[in-house]
Amino acid sequence: MNNPVALSTPEDGTVAASRRAAVLGIGARAALGVLLPLVLALGWEIAVGAGWASGRLLPPPSRIGAALWALAASGELWMHVEATLIRVGLGFAFGAGAGILAGALTATLPLLRWLVDPSLQALRAVPSLAWVPLFILWFGILETPKVALIAVGVFFPVYIGVAGAIASVDRKLVEVGRIFRLSKPALARRILLPAVLPATLTALRTGLGLGFLFVVAAELMGASEGLGYLLLDGQQFSKPDQILAAIISFAVVGKAADALLVALTAPLVRWQDTARETL
Amino acid sequence: MLTIQSLAKTYTDGTRALEGIDLAVQSAEIVALIGGSGCGKTTLLRLIAGLDRPSAGRISLDGEPITRPHPGVGLVFQEPRLLPWLDVADNVGFGIHNLPKSERAERVAHALERVGLAEHAHRWPRELSGGQQQRVSIARAFVANPRVLLLDEPFSALDAFTRKDLHRHLLALWEEVRPTVLIVTHDVAEAVALADRAIVMRPRPGRLDDTVALSMRRPRDPAAPASEAAARTVLAALDRSLRPHEPSRAPQLAGGSSF
Ligand SMILES: Nc1ncnc2c1ncn2[C@@H]1O[C@H](COP(=O)(O)OP(=O)(O)O)[C@@H](O)[C@H]1O
Ligand SMILES: [Mg+2]
């Protein structure tokens, strides 16, 4: 609020604020957001270039870029990205599917809830990585334990989110359905489903984020391809530029997957009164 | 005709919300139920709507008993209760989903026209004011052509000006379909403006008390002497209902009410 106009009167304030918002359009705001990392990267580049720092353990951006470029040009990067994406995709599909099913069933059938929910809550208290040794014993060291670990990681937030969303559906809206004598399936389709959709999508996003978290863990436990393998390989052969290239790839791929999920589901929740719209 | 015989409702926690309710409402009659909060007005409407089951007594519409939501009975809740994921037109058409699309669209457009919201058909509920939302919910009840329309303090959250406007819209819709209307209110002026009959309720347990006939011709002018006299009569009845009843009934009041 260093703008003197904004301090004078409330009306002037909002006018000034909206004008500032107009000037700082979406593009400008995004530019402001990348300013800090850009300056830091440039500073490090100069520092290493001038010989003030060796950059051996933290390579400058140019070396990381070169490593990324080399990986991409050789086609190796895409192979690793593909392997990671397939694991996350499978784990997410199984975990989210089971989470939605279990959440919907326990939220609607009290008997099942009393039977199953305490056990699931107890399992949830186990840090998911603790399953790794068991999964390796059960499923070997190939793809199955990795997908299973990711699925477990995705399952819990989705299960909790869906069950909570169904349990907190506004009874008042359900009564609107009852007044118009909707059948059980129609009530589920026309009132419950749309009412739980936003919270479900949030849970799916959380689940996807955890999917990426667990794919790293899964690939670190031994893999011959995948972005996590690049990390491990970089560590074993002292290639920090490759590690950072893999980290950047993880960030980009994770963000892209999240953006895709949001874009695919946005039309379903267009009606929602989100703060984002008014910001 | 809507008939209610020795209706009672005791909630599971022991609250005697209603007791000994007898009422017959002619078709196309408008009845105002008036009373302080906690005297069972909402409970009575929910029983008639079939949302809750009575503890005793029966309710019937043209001889047909009502035990669950009935196609001939519509309810407008105290809050608009619009579905936020449907636009205004889809909210209005929510209850007539079984009709062919063209007929549905026609009825919805007509009802929106009637409540003065035609140009808002494709907006989201959240983009409407409270009064506009309540008009949508009234339109939603009307498009289903109910024989009995129940309104639970539908205008209590609105300012006096908006309320008068909505009275006009409500009467216009009523003229067209001429349903039996039961409107709950705690506003004497509202009862006098709309109803053929005002019934005063008293609490603990909820019962029907005095009835005041309101036979002024419509449209009514709230400032006309007849309206003012009627308002005074209803107010006097309301005052009486707030005083304790004859001593012989006093022991009954001991029953635990959460009010
Ligand atoms: N679901 C319920 N469970 C228990 N008591 C209730 C319930 N709903 C209403 N009551 C009680 O019944 C009485 C009548 O309530 P209500 O019908 O809402 O009154 P009004 O609409 O006239 O204000 C009140 O004492 C209220 O506390
Ligand atoms: Mg009430």
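Just so it is clear, the model here is predicted, and its values are computed rather than measured.

Some thoughts on the overall build of chain A
Step number 1: The number of helices and strands found in chain A is 13 helices and 0 strands.
Step number 2: Starting at the N terminus and walking to the C terminus, you meet the elements of chain A as α-α-α-α-α-α-α-α-α-α-α-α-α.
Step number 3: Each of the 279 residues in chain A was classed as buried or not, and the buried ones make up 38%.
Step number 4: Approximately 16,100 Å² of chain A is accessible, and the part contributed by carbon and sulfur atoms is 72%.

Considering the pairing of strand β7 (residues 148-152) of chain B
All names here are of chain B.
Step number 1: Among the 5 residues of β7, 5 are classified as buried, and the element is accordingly described as predominantly covered.
Step number 2: On β7, burial covers both faces: Val148, Leu150 and Asp152 on one face and Leu149 and Leu151 on the other are all buried.
Step number 3: Alignment of strand β6 (residues 73-76) against β7, held across 4 bridges, turns out to be parallel. If you follow valine 73 over to β7, its bridge partner there is valine 148.
Step number 4: Pairing geometry for β7 and strand β8 (residues 180-185), over 5 bridges, is parallel. Bridge pairing links aspartate 152 to valine 184 in β8.
Step number 5: Where the polypeptide runs from β7 across helix α5 (residues 160-177) and back to β8, its parallel neighbour, the crossover connection is right-handed.

Quick look at helix α4 (residues 61-73) of chain A
Residue and element names in this part refer to chain A.
Step number 1: Between its first and last C-alpha, α4 extends 18 Å over 13 residues, near the 18 Å set by a 1.5 Å rise per residue.
Step number 2: In the core, the buried residues of α4 are packed alongside α5 (76-108), α11 (227-236) and α12 (240-265).
Step number 3: Of the residues trailing α4, glycine 75 is marked for its positive phi of about 85°.

Some details on the interface of chain B and chain A
Step number 1: With 22 residues of chain B at the interface, the matching set in chain A holds 20 residues.
Step number 2: Among the residues of chain B in contact with chain A, Trp85, Phe94 and Arg126 of chain B are the three that bury the most area, contributing 34% of the side total.
Step number 3: Our count for the contact surface shared by chain B and chain A stands at 3 salt bridges.
Step number 4: At the junction of chain B and chain A, the tally comes to 6 residue pairs in polar contact (both at pLDDT 80 or more).
Step number 5: Residues belonging to the side of chain B that touches chain A are distributed by class as follows: 13 nonpolar, 4 polar and 5 charged.

So, the UniProt feature "domain: ABC transporter" (unreviewed entry) in chain B
Step number 1: Under the feature "domain: ABC transporter" (unreviewed entry), the UniProt entry names residues 2-228 of chain B.
Step number 2: In the segment residues 2-228 of chain B, helix accounts for 31% and strand for 26%; the C-alpha atoms at its two ends are 29 Å apart.

Description of the domain arrangement of chain A
Residue and element names in this part refer to chain A.
Step number 1: For chain A, the assigned domains read domain 1 (10-53) and domain 2 (59-278).
Step number 2: Each of domain 1 and domain 2 has a C-alpha centre, and the two are 32 Å apart.
Step number 3: At the interface, 4 residues of domain 1 touch 4 residues of domain 2.
Step number 4: Here domain 1 packs against domain 2, burying approximately 320 Å² in sum over the two surfaces, 64% of which is carbon and sulfur.
Step number 5: For domain 1, the biggest contributors to the area lost against domain 2 are Trp44, Glu45 and Val48; these three give 85% of the whole.

Digging into the confidence of the model for chain A
Residues and elements named next belong to chain A.
Step number 1: Overall, the prediction assigns chain A a mean pLDDT of 84, with 89% of residues at 70 or greater.
Step number 2: Every residue in residues 1-11 scores below 50 in pLDDT, and together they form 9 contacts with partners more than four places removed in sequence or on other chains.
Step number 3: Here residues 275-279 scores under 50 on pLDDT; set against residues more than four positions off or in separate chains, the count is 2 contacts.

Side note on the side chain of glutamine 132 of chain B
Residues and elements named next belong to chain B.
Step number 1: Checked against the element boundaries, glutamine 132 lands in helix α4 (residues 130-142).
Step number 2: A residue is classified by how much of its surface remains accessible, and glutamine 132, at 18% relative accessible area, is buried.
Step number 3: Separated by 2.9 Å, the side chain of glutamine 132 and the backbone nitrogen of serine 129 make a polar contact.
Step number 4: Setting aside residues no more than four positions away along its own chain, glutamine 132 makes contact with Leu117 and His120.

Rules used throughout
- Residues numbered from 1 in each chain as written.
- Chains lettered and ligands numbered in written order.
- Predicted model: local features only at pLDDT ≥ 70, side-chain atom pairs only at ≥ 80, totals over all residues.
- Heavy atoms only, no water.
- Helix = DSSP H or I, 4+ residues; strand = E, 2+ residues; numbered from the N terminus.
- Buried < 20%, exposed > 50% of the residue type's maximum accessible area, 1.4 Å probe, protein only.
- Areas by Shrake-Rupley, 256 points an atom, 1.4 Å probe, with all protein chains shown as cover.
- Pairing = 2+ DSSP bridges.
- Right-handed = clockwise from strand over helix to strand, strands pointing away.
- Expected span 1.5 Å × (residues − 1).
- Contact = heavy atoms within 4.5 Å.
- Buried area = accessible area lost by both parts, 1.4 Å probe.
- Salt bridge = Lys/Arg side-chain N within 4 Å of Asp/Glu carboxyl O.
- Polar contact = N/O pair within 3.5 Å; in protein donor to acceptor, adjacent residues only side chain to side chain.
- Nonpolar A, V, L, I, M, F, W, Y, C, P; charged D, E, K, R; others polar.
- UniProt positions renumbered as here; feature names shortened; annotations may be inferred.
- Domains from an automatic or database assignment.
- pLDDT = per-residue confidence, 0-100.

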